[in-house]
Amino acid sequence: MPHNSTILRSMETAVRRARGRSNMSAAVLACAVMAMAAVRPHAAQMPASREGAESPQAAVAAMRQAADTNDWRAAFALMLPSARHEMARPIVESVVMMVALADPASPFAERWSPAERAERTHAARQAVAALTRAWTPYGLETIVGAPPMAESTAAAIDRALRAADVPALMHDTMLVFDGMAPALGVPAADRPRVPPIGAVTGYVVRGDRATAREGATPVDFARVAGRWYLAPPPAK
């Protein structure tokens, strides 16, 4: 779905900047991650009646509100449930990469003095522990600190996401990301936000599928259990 792709591009902009800053302060990173994990509780699962919308038009209006408030949980709750794990995977992979960049043993890290390396190693371990606590409710604890590019890591992420409450996971993950961003040197303007959606017109409903257009870009919807969701285009 075009709007889903826009959300990914928003995230990837911040990720590219983060990956270019491997000399971050691990101590600051650890404090930020621990603060987010400690003071923000695990997000409660959103009732099914609050997911999706009553119509395609209502789904667009709700997505617009999610963008205005940068509410990632609400945004993912408006996406077709069967497609959410595909949208969430690159975000989770990016956070795993950021943790790897914070580890002084990472090949990305610069060379530090023995004393500084010991301090940063301790801080990185604290960050791993904090993120592990935040991700345990979603079955993702085993991938924190795992090699970010390994096939086994990708497979573990995929298995966990297929079973996870993805809107709640995205809510908690974005809180952690926001805590990391200052240490990564990512300016506020470059941090990921739910992207705005423009004027959508030309709605056509055919059974449980609907289409519309955002300017020249097609937008697809699907109805599941009486609720409408933004959806990938139907398979041909």
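Here we summarise the structure given alongside this text. Model, not experiment: these values are computed from the prediction.

Rules used in this analysis
- Residues numbered from 1 in each chain as written.
- Predicted model: local features only at pLDDT ≥ 70, side-chain atom pairs only at ≥ 80, totals over all residues.
- Heavy atoms only, no water.
- Helix = DSSP H or I, 4+ residues; strand = E, 2+ residues; numbered from the N terminus.
- Buried < 20%, exposed > 50% of the residue type's maximum accessible area, 1.4 Å probe, protein only.
- Contact = heavy atoms within 4.5 Å.
- Areas by Shrake-Rupley, 256 points an atom, 1.4 Å probe, with all protein chains shown as cover.
- Pairing = 2+ DSSP bridges.
- Axes fitted to C-alpha atoms, helices over the stretch in contact; angles between N-to-C directions.
- Polar contact = N/O pair within 3.5 Å; in protein donor to acceptor, adjacent residues only side chain to side chain.
- Core = buried A, V, L, I, M, F, W, Y, C linked by side-chain atoms within 4.5 Å.
- Phe/Tyr/Trp six-rings, centres within 6.5 Å; stacked < 30°, edge-to-face > 60°.

Time to look at the overall build of the chain. Counting secondary structure elements, the chain contains eight helices and four strands. The secondary structure elements of the chain, listed N-terminal to C-terminal, are α-α-α-α-α-α-α-α-β-β-β-β. Scored against the burial criterion, the 236 residues of the chain give a buried share of 47%. Taking the intrachain contacts of the chain between residues at least 6 apart in sequence as the baseline, contacts between residues at least 24 apart amount to 69%. With the model as given, the accessible surface of the chain reaches about 11200 Å², and the carbon-plus-sulfur share is 55%.

Read from one edge to the other, the open sheet built from four strands follows the order 1-2-3-4, with strand pairing classed as antiparallel. With partners counted over all chains shown, the strands left at the sheet margins are strand 1 (200-206) and strand 4 (227-231), one partner each. Taken pair by pair, the neighbouring strands of this sheet meet at an average axis angle of 25 degrees, ignoring direction. Each of strand 1, strand 2 (209-214), strand 3 (217-224) and strand 4 is contacted by helix 3 (residues 56-69), which is oriented at about 140 degrees to strand 1, the strand it contacts most.

A word on unusual backbone geometry. In this model, Asn70 sits at a positive phi of 50 degrees, which is unusual for a non-glycine residue. Inspection of the secondary structure puts Asn70 in the loop between helix 3 and helix 4 (72-77). For Asn70, a relative accessible area of 19% corresponds to the buried category. Even without a glycine there, the phi angle at Ala225 is positive, about 50 degrees. Structurally, Ala225 can be placed in the loop between strand 3 and strand 4. For Ala225, a relative accessible area of 79% corresponds to the exposed category.

So, about the side chain of Glu51. Here Glu51 lies in the loop between helix 2 (26-39) and helix 3. The class of Glu51 is buried, set by a relative accessible area of 11%. Reaching out from Glu51, the side chain makes a polar contact with the side chain of Arg84 at a distance of 3.0 Å.

Here strand 4 lies mainly inside the structure; five of its five residues are buried. Burial along strand 4 is two-sided: Arg227, Tyr229 and Ala231 facing one way and Trp228 and Leu230 facing the other are all buried. Sheet topology note: the strand 3/strand 4 ladder contains five bridges and is antiparallel. By the bridge assignment for strand 4, Val224 is matched with Arg227. Where strand 3 folds back on strand 4, the antiparallel hairpin that results is connected by two residues, among which Ala225 adopts a positive phi of roughly 50 degrees.

Residues Phe76, Val92, Trp135, Leu140, Met170 and Phe221 are the most contacted members of the largest nonpolar core, which totals 47 residues. Counting residues per element, this core draws most heavily on helix 5 (residues 84-102), which supplies eight residues. Those residues in contact with Trp135, other than ones at most four positions away along the chain, are Val92, Val95, Val96, Leu140, Glu141, Ile143, Val144, Leu169 and Thr173. Listed in part, the five residues of the second largest apolar core include Leu80, Ala83, Ala222 and Tyr229.

Under the counting rule described, the total for this entry stands at two aromatic pairs. Both rings, one in Trp72 and one in Phe76, keep their centres 6.5 Å apart while their planes meet at 35 degrees; by these two values the pair is tilted. Taken as a pair, Trp72 and Phe76 lie in helix 4 at a separation of four residues, close to a single helical turn. Assigned by exposure class, Trp72 and Phe76 land together as buried. Aromatic side chains Tyr203 and Phe221 sit 6.0 Å apart centroid to centroid with 35 degrees between the ring planes, which places their arrangement in the tilted category. One end of the pair, Tyr203, is in strand 1; the other, Phe221, is in strand 3, with 18 residues separating them in the sequence. On the accessibility criterion, Tyr203 (24% relative accessible area) is partly exposed.

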